[in-house]
Structure formats: C-alpha cells, structure tokens
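# Summary of the model geometry
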Amino acid sequence: MTVLPADGLSLAAEFPAPAHEQWQRLVEGVLRRSGKEAEGPAAEEALSTTVEDGLITRPLYTSRDSAPDAGYPGFAPFTRGSKAAGNAAGGWDVRQRHALPDVGRLNEAVLADLENGVTSLWLTLGGGAGVPVSALAAALDGVYLDLAPVVLDAGDETDAAAAELLRICAERGVDAPDVRGNLGADPLGRAARTGAEPDHTAAVHWAQRCAREFPGLRALTVDALPYHEAGGSAAEELGASLATGVALLRTLTDAGMPVEDACGQLEFRYAATADQFLTIAKLRAARRLWSRVAEVCGAPGAGAQRQHAVTSSVMMTRRDPWVNMLRTTLACLGAGVGGADSVTVLPFDHALGLPDAFARRIARNTSTILLEESHLARVVDPAGGSWYVERLTAELAEAAWAFFQEIERSGGQAAALRSGMIGDRLAATWAARSKDLARRKEPVTGVSEFPLLSERPVERDPAPLAADGPGGLPRVRRDEAFEALRARSDAHLAATGQRPRVFLAALGPAAAHTARASFAANLFQAGGIEPVHEPVTVDAATVADAFRASGATVACLCSSDALYAEQAAAVAGELGAAGARRVFLAGRPGEYAGVDEYVFAGSDVVAVLSSLLDRMDAA
C-alpha cells in the first residue's frame, strides 16, 4: 500500500515542465499537415486573429504577457471593480427598460417586473418615444420609490421629467436621502443622436441640485450607446465616452462644482455584446481609464466609475429572434463578470417592436439565473488574473485612450461631433465590419448562417420611433444587409406564392457532395432562396429533367473537386440547355465550361445573393 506524503500528491511531479518553444514546435507540425510552413513565433502568429481596433488575439497567453497592475477592487485604478466587494455583495442592479406609450400597460409591466426580480426602472418618456411626462405619476402608481431607483430617458424633456419625478417623490413622502436613480441628463449624447447643439443648462442645474440635496440621485448619464449603435468599435465607444465625461467635468467645474462632486454626478452607460471577453475587458478598461482622468483632475478618490451595461441592440436580429435570448445571456454574463453596477437585458423581441410579457420575463430572468443559480456574483472580478483578459484589457485601454486623444485634439466631444470627425470614424469602422458580415467572416446565426425559411415571423406592436434627428449618428444592425435580401424573398413569395428557388445538382455519392451541398443550401437560404435537392444525386443524363421539375431558374453544382473535373462541364452544359439562367459551382473558382459563378467560404455572399435575386426578378 502506497502512503501519500503528508503534504499531499503533486500530480505534475513526474512530468517535465513544458516550454513555450516546445508548444510552438507542436504548432509547426499541425500547420505543416494543413499545408502551411511556419516556424517558432511565426507558427504562433499564424494562429492569431486580428479583431476590431487592430487588436490581435493570440492562441496562447502566458505569464510573459504582462499587463499593468490591476490593483484591488474598490481602489484605484478600479480595474477590478468600483466597490471593494465588487458584485459579490448582492450582485448587480437588475434594471429593466420600458418604452411603452400606453400608461396603463406601462404601469402593469413595471409592477410585474418589480415583483419578479427587477431592482430598478429605466423609463423612456415624452417626445413621442414613451408616455408623456405628465403621466409619470400614473406609470409609477404602486411603486415604492424609496426602494426602486428610477432612471429617466426623456430627451429634450429631461428638465420637466426630472422636476416631475422629484415632485412625485415629495408628494409620496420619500425623504431626499432616500431618492435614488438617475435623472438622465445627457446633452452630448442627445447631440450625437440628433445633430443638434448641446445645451448644458439643465444638466448643470440638476447636477448642482442633486449634489446639494439628493445624495443618492445622479443627474447625468454619459451614454456611449449612440457610438456603439452607429457601428463603432469597443475602443471608439470607450474613447467617445471618455471625451464626453471630460467635457461634462469641464462644464460642471466651470459652473463652480468641485471635481469630486462633479464626478459623483456621472453614470456611464455601455453596450454589452455576445463577445463576452471583449465585454469584460471593455468594462474593466473603462474603469481604469476614468480613474486616470480623475487622477489628472486632482481627485483620484473620485475615480470609481459607476457603470450601466445594456445588451447590444446592434447584435439583435429580426429573423429567428429566439436566438437573441442566447446572445443576451452571453452579454449579461460578460457585463456581470466585467463588474457592471447595473445591467439591462433587452428582451429578445426588441428589434421587432414592443416586447410582450414573455419577452420581459425572459429578460429579467436572465440576470436572476446568472445571479441565483450560477452564483456569478459570489466572486469579485472572476476574470481577473487571466493573462488573456488582463492583456486584452490593457490593449483595449491603450486603443481607447488614443481615440480619446484624437477627439481632444479636434476640440473636444462637441466639436468632434459637429465637424463630423466622430461620425466619419464610426462609418469607416462599420464599413469594414460590413464587409466581414457580407463574407460571413462574422457569422450571424439564424440569419447569415443556418437560416430557417419556413419559420413563422414573430409579430409585435410597433415601438415608438426614436427621437433622433437628421444630423445625428445612424443606427445600424448586424443583420441589415441580409434582412434586405430576405425582405425581397418575402415580397416574391407574396406575389407569386413561392420563394425564389435554386436547384442543387449534387454529383456522385453522398460522401462526395454532402459537405458542399449543405454549404450551398445554407448560403442561398441566407438570401431567402429556397434550395431544391431532389433527386439526391444527378448526372449529365438526368440533370435536365430534374432541373425542370424543381421549378427553379438557377442551379448550383455540388460535389468534390475530383468529380467536378470529370462531370462539371457536361452537367453545366445540360443545365444551360434546360433553361438555367445561371449555373453556380460550390467551390473555389476553376475552369469549368458552362459554369457562370462560384460560391465558396469567404466570398461576398450579400453581393452574390443580391445579384441573383435581380436575375430572379425578385423585387
């Protein structure tokens, strides 16, 4: 019988310590088998991926990947959290957004949320985007305002909405120290949305009053969502938020407020996406950067950034909206792990209109499951110490600081918006990303990948139009190019009774054609074009009759390279003779007589499908 030593068993004791170079040699072998030659660091580089902002994600991170000291939670530079206990002391604030224009339905939804896990309310008011400011009291009927913080989003009517909220609190006997939430004054965010000149008058007034009378109430929101929703990258979103925060600090201190009080009036709002690691790093980097701003302003103790994370509307899709539940779960996880103080999970049907009760229930339960069942908030900064996360945080902070400096050199946030500098930068970023989306290098599940043409559309009551202006930043969505293609297919279906069709001419046995037939079917369905794969296999003798029976006007050859060399030209010729307007081949371009176009991984799918719908007379 073997007796273990008192200090336990070291499982790695009999194994040599692996070296980084040893791992690189193993990578070289893998690359060599895939037809690539690279040695040492070059082999590792071959597995690296360039992501947004020019950041590079490497396949392996070790202790050699140094990053600035993250410090401790609750202490500068606040990378690990603005509070000493992080979210471990009760979790994050579950904040539900409401933009219902009917006050009765709004009150019903508000009470249902508060009774089932929501801890604060985010209300859209006025301007045609929500209930009138005068209906705020009715909307909050039955709400204990000393227990449930209220965050306002009233646009041009912020001044009136703030006054009305405080009037309601006084009328219901809520003492000033117990009034909590955010009045939502956001002059620069409003300028970004509308293109109008920012007016700081109300912002200064409410910031001074809140600092003086309402210690639990903040007056200002630094809203980074306009920059994210215009197609900006994570670094651009952070850089613009920093520039906005600095501009507000200048305005408040010029009005006589101490820097510490001015910092205390700001809450920062960021987007959380399904890229959970980028979301984690973004929130950590945001706190580090704002801590640096406060330090330079002479108030290092006031640099604990208050963060409100909102699941991204850019990532939400209109087709297969159920998948949005998975996206928002990942985004919520990233926001929670990243240390957000408040998290809003948008309902899965957000892109379709006003959410129903089921969608709101799933949204609030997303946080509840992560907090109560996954125990995500029991550990402070759970991603801290990961070499990958720490390095990504540092690199993202550097990229964001560089963009912030560009904005400052252009005259500050207001001037950069006015001149179009920010808009042009975001547009360029979105154009580059749109190319990746069109080529499916950035896949959108249920839309550009694995669409379901037979899916019944989910219908919702239309949401009030956002109070944007013609000179403001645009709002983009990842699904927009494919949504336009699917809309053309829907119109064709309504007009003719069937969708545009493509015949899949699969050559040889299933083992030879299945992979490319599946690829082609997936690709064409992304544009609303129905694939017909019947019979399962064809050849030059049978393809013409099969094509005519399919009801399709175009065809796509699907098989292996070896069978293409033997049969592609003959089969393509028969398809042309049978009336095919266009003959595609699934695979890399080659020299095959009768083949008009090729579809392959990395091709511009949007351009191919748009041109094909034109040929199919799909309006």
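Overview of the structure. Just so it is clear, the model here is predicted, and its values are computed rather than measured.

This part takes up the nonpolar core. Formed by 106 residues in total, the largest nonpolar core has its most connected members in Leu 123, Leu 125, Leu 140, Leu 220, Tyr 227 and Trp 290. Ranked by residues supplied to this core, first place goes to helix α9 (residues 234-254) with ten residues. Aside from chain neighbours lying at most four places away, what touches Tyr 227 is Leu 188, Ala 192, Gly 232, Glu 237, Ala 240, Thr 244, Gln 413, Leu 417, Ile 422, Leu 426 and Leu 473.

The next point concerns the layout of surface pockets. Here the second largest pocket is characterised by a volume of approximately 950 Å³. Along the walls of the second largest pocket sit 35 residues, with Glu 52, Asp 275, Leu 278, Arg 433 and Glu 442 positioned nearest its centre. In terms of residue count, helix α16 (residues 421-438) provides more of the lining of the second largest pocket than any other element does, five residues in total. Residues belonging to the lining of the second largest pocket are distributed by class as follows: 13 nonpolar, twelve polar and ten charged.

Another aspect to go through is empty space enclosed by the protein. A full pass over the atoms with the stated rule returns three cavities of 30 Å³ or more. Computed from the structure, the largest cavity encloses a volume of approximately 130 Å³. What lines the largest cavity is a set of 19 residues, among which Gly 86, Asn 87, Gly 336, Gly 339 and Asp 381 lie closest to the centre. Looking at the lining of the largest cavity element by element, the count peaks at three residues for helix α12 (residues 324-338). In terms of residue class, the lining of the largest cavity is made up of seven nonpolar, seven polar and five charged. By residue class, the composition of the lining of the second largest cavity is six nonpolar, no polar and one charged.

In this structure, Pro 77 follows Ala 76 across a cis peptide bond, with omega equal to 10°. Tracing the backbone through its elements, the reader meets Pro 77 in the loop between β2 (56-57) and β3 (93-98). In this structure, the amide linkage connecting Glu 534 to the following residue, Pro 535, adopts the cis form with an omega of 5°. If you check the backbone angles, Asp 53 has positive phi at about 65° while not being a glycine. Within the secondary structure, Asp 53 is located in the loop between β1 (49-50) and β2. One non-glycine residue, Phe 78, lies in positive phi territory at about 65°. Tracing the chain through its elements places Phe 78 in the loop between β2 and β3.

Attention now goes to helix α5 (residues 158-171). Here α5 is 14 residues long and its end C-alpha atoms lie 20 Å apart, about the 20 Å a rise of 1.5 Å per residue gives. Residues of α5 that are buried in the fold lie against α4 (136-139), β5 (150-153), β6 (181-185), α7 (201-213) and β7 (217-223). Following α5 by one or two positions, Gly 173 adopts a phi angle in the positive range, close to 75°.

Our next topic: the sheet that holds β6. The eight strands are arranged β3-β4-β5-β6-β7-β8-β9-β10 in a closed barrel whose pairing can be described as parallel. When the angles between neighbouring strand axes are averaged without regard to direction, this sheet yields 30°. Pairing analysis gives three bridges linking strand β9 (residues 307-311) to strand β10 (residues 342-344), with the strands arranged parallel. Bridging from a neighbouring strand, His 308 pairs with Ser 342 of β10. Here α9 sits on the sheet in contact with β7 and β8 (266-272), set at roughly 170° to β8.

Taken as a whole, this structure holds ten aromatic pairs when the rule is applied. Here the aromatic cluster, defined as three or more aromatic residues joined through ring pairs, consists of Tyr 61, Phe 277 and Tyr 388. Lying over the aromatic face of Trp 122, Arg 97 brings its terminal NZ or CZ to 5.7 Å of the ring centre.

Procedures and definitions
Residues numbered from 1 in each chain as written. Predicted model: local features only at pLDDT ≥ 70, side-chain atom pairs only at ≥ 80, totals over all residues. Heavy atoms only, no water. Core = buried A, V, L, I, M, F, W, Y, C linked by side-chain atoms within 4.5 Å. Buried < 20%, exposed > 50% of the residue type's maximum accessible area, 1.4 Å probe, protein only. Helix = DSSP H or I, 4+ residues; strand = E, 2+ residues; numbered from the N terminus. Contact = heavy atoms within 4.5 Å. 1 Å grid on protein atoms, 1.4 Å probe; cavity = no way out; pocket = protein on both sides within 12 Å on 5 of 7 lines; lining within 4 Å. Points joined across faces, edges and corners; volume = space filled by probe spheres on them. Nonpolar A, V, L, I, M, F, W, Y, C, P; charged D, E, K, R; others polar. Expected span 1.5 Å × (residues − 1). Pairing = 2+ DSSP bridges. Axes fitted to C-alpha atoms, helices over the stretch in contact; angles between N-to-C directions. Phe/Tyr/Trp six-rings, centres within 6.5 Å; stacked < 30°, edge-to-face > 60°. Lys NZ or Arg CZ within 6 Å of the ring centre and 35° of its normal.

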